[in-house]
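Observations on the three-dimensional arrangement
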Amino acid sequence: MAENSAAGTILNIEGLNVSYPVYETDPVRALRGIDLKVREGEIIGLVGESGSGKTTLARSIMQLISRPGRVDSGRIEYDGRDLATLGEEELRALRGNDIAMVIPNPRTELNPLVTVGMQIANVARYHLSLPRKEAKKMAMAMLEAVQIPDPTRRFKAYPHELSGGMAQRVVMAIALICSPRFIISDDATSGLDVTVQTQVLELLQDLVQQQGASMLFITRDIGITAHYCHQVAIIYAGEIVELASTQNFFDNPQHPYSVMLLSAFSHNPKLRGLWTKVVDAALEGAAESGCYFAARCVRASDKCRAEHPDMREMTDAHSVRCHHPVER
Ligand SMILES: Nc1ncnc2c1ncn2[C@@H]1O[C@H](COP(=O)(O)OP(=O)(O)OP(=O)(O)O)[C@@H](O)[C@H]1O
Ligand SMILES: [Mg+2]
């Protein structure tokens with residue numbers, strides 16, 4: 001996908017640190033010094049293994065880090081406004097109208113007692129202050145937009161009557177009905193089978209682009225980002241370790257962790273095994289000084305164990321946090 005370099009910045013995250021206290025031990029530092037810019041109309045993929053801090057970043061943007069989690073430092077600017085300065089009322093408006101989040105397990109997101117049409121319509125009534133009839137019309141249009149088969153019948157269906165793929169489309173309709181300018185998709189299609197996943201992703205991408213919106217696309221599947229994102233950000237133990245245009249990233253991945261992710265994504269089961277056994281070990285094994293990835297890195301030197309690497313811009317649209325980046 002071509003980059004949209006002329007557009008302005010819609011989201012600007014600077015030096016974000018977020019932690020969760022843990023009883024009788026050091027807090028988990030879920031995000032460490034996150035710097036990230038998203039331009040208008042841009043889709044940025046955020047990739048990292050389980051526990052790397054992806055959802056924490058999503059929730060930070062939504063200003064939904066709940067106690068005892070806390071933002072230790074840093075700022076998040078959306079459309080020029082520092083989100084930390086907004087009141088609850090302003091945030092509620094922002095969350096429905098400007099920034100929307102699509103998450104997995106669509107069934108638990110939906111109210112089992114209300115028809116899906118009415119659930120979508122209620123969002124339009126509340127956030128767009130539309131009269132009932134208008135809201136219903138808009139909900140119907142949205143069911144068509146997310147390509148639900150037989151939308152007139154589905155409007156009156158209850159969530160349990162829908163397949164997983166259809167329920168995910170309803171959740172997307174709810175997220176997109178107010179034409180948000182910024183969408184966060186947090187692993188939204190991971191529960192669906194591969195064909196349905198592809199359909200839902202294509203649709204999400206189309207809708208985002210039609211609306212000229214930006215998207216933070218969170219996934220554990222690095223392969224998906226090649227098709228749907230302009231930029232790729234790799235997160236490891238709460239830190240962005242590589243950030244590049246999708247083209248640059250796939251042409252020339254430079255962080256050893258990125259290379260590991262790419263080999264895990266390959267069809268070679270031996271390589272894939274590297275990726276699956278990790279989980280929270282990423283944070284537990286991470287040294288507090290030096291590179292957090294050093295303990296697992298085949299390229300680690302004494303310098304890596306002693307000195308924390310800074311993010312370095314290697315070429316235009318390609319930065320990496322590594323003392324010994326992989327060269328082709
Ligand atoms: N409410 C919480 N209380 C304590 N620790 C938390 C809480 N939420 C997240 N964490 C910790 O913060 C770290 C980052 O978690 P987060 O959920 O952001 O990861 P993730 O990248 O979204 O993982 P996954 O791919 O499994 O969804 C993990 O170590 C996790 O255990
Ligand atoms: Mg998550």
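Some details on the pairing of strand β8 (residues 214-219)
The element β8 is largely enclosed, with a buried count of six among its six residues. Burial of β8 is two-sided: the residues Ser-214, Leu-216 and Ile-218 facing one way and the residues Met-215, Phe-217 and Thr-219 facing the other way are all buried. Sheet topology places strand β3 (residues 43-47) next to β8; five bridges connect them, and they run parallel. Paired with Val-47 across the bridge in β8 is Thr-219. As paired strands, strand β7 (residues 182-186) and β8 are joined by five bridges and run parallel to one another. Paired with Phe-182 across the two strands is Ser-214, which belongs to β8. What joins β7 to β8 is helix α8 (residues 194-210), and the crossover it makes is right-handed.

Details of the domain arrangement of the chain
In terms of domain boundaries, the chain breaks down into domain 1 (9-98 + 180-320) and domain 2 (108-179). Just the C-alpha atoms count here: the centres of domain 1 and domain 2 sit 29 Å apart. Contacts between the two partners involve 16 residues from domain 1 and, on the opposite side, 14 residues from domain 2. Carbon and sulfur atoms supply 65% of the area that domain 1 and domain 2 bury against each other, a total of about 1300 Å² over both sides. Scanning the region where domain 1 abuts domain 2 turns up zero salt bridges.

Thoughts on empty space enclosed by the protein
Within this structure, the stated rule accounts for one cavity of 30 Å³ or more. For the largest cavity, the calculated volume is near 80 Å³. Of the residues that constitute the lining of the largest cavity, the class distribution is nine nonpolar, three polar and one charged.

Some thoughts on the pattern of salt bridges
Enumeration over the complete set of coordinates arrives at 13 salt bridges. Notably, a salt bridge pairs Asp-72 with Arg-70, separated by 2.7 Å at the nearest N-O pair. Linked by salt bridges that have partners in common, Glu-40, Asp-79 and Arg-181 make up one network.

Considerations on the sheet that holds strand β2 (residues 25-39)
Spatially, the four strands line up as an open sheet ordered β2-β1-β4-β5, and their pairing is antiparallel. Among the strands making up the open sheet, the edge pair consists of β2 and β5 (81-82). Pairing of strand β4 (residues 70-78) with β5 involves two bridges; the strand directions are antiparallel. Across the sheet, the residue bridging to Tyr-78 is Arg-81, located in β5. In this fold helix α1 (residues 54-61) packs onto β1 (9-22), β2 and β4, with an angle of close to 120° to the strand it touches most, β1.

Points about the site of ligand 1
Taken together, 14 residues are adjacent to ligand 1, and Ser-50, Gly-51, Lys-54, Thr-55 and Thr-56 come closest. Ser-52 is positioned such that a nitrogen or oxygen atom in its backbone is 3.2 Å from an oxygen atom of ligand 1. Burial of ligand 1 by the protein amounts to 67% of the accessible area it has alone, namely 640 Å². Secondary structure elements with two or more residues in the shell around ligand 1: β2 and α1. The greatest single-element share of the shell around ligand 1, amounting to three residues, is contributed by α1.

Calculation criteria
Residues numbered from 1 in each chain as written. Chains lettered and ligands numbered in written order. Predicted model: local features only at pLDDT ≥ 70, side-chain atom pairs only at ≥ 80, totals over all residues. Heavy atoms only, no water. Buried < 20%, exposed > 50% of the residue type's maximum accessible area, 1.4 Å probe, protein only. Helix = DSSP H or I, 4+ residues; strand = E, 2+ residues; numbered from the N terminus. Pairing = 2+ DSSP bridges. Right-handed = clockwise from strand over helix to strand, strands pointing away. Domains from an automatic or database assignment. Contact = heavy atoms within 4.5 Å. Buried area = accessible area lost by both parts, 1.4 Å probe. Salt bridge = Lys/Arg side-chain N within 4 Å of Asp/Glu carboxyl O. 1 Å grid on protein atoms, 1.4 Å probe; cavity = no way out; pocket = protein on both sides within 12 Å on 5 of 7 lines; lining within 4 Å. Points joined across faces, edges and corners; volume = space filled by probe spheres on them. Nonpolar A, V, L, I, M, F, W, Y, C, P; charged D, E, K, R; others polar. Axes fitted to C-alpha atoms, helices over the stretch in contact; angles between N-to-C directions. Near = heavy atom within 4 Å. Polar contact = N/O pair within 3.5 Å; in protein donor to acceptor, adjacent residues only side chain to side chain. Areas by Shrake-Rupley, 256 points an atom, 1.4 Å probe, with all protein chains shown as cover.

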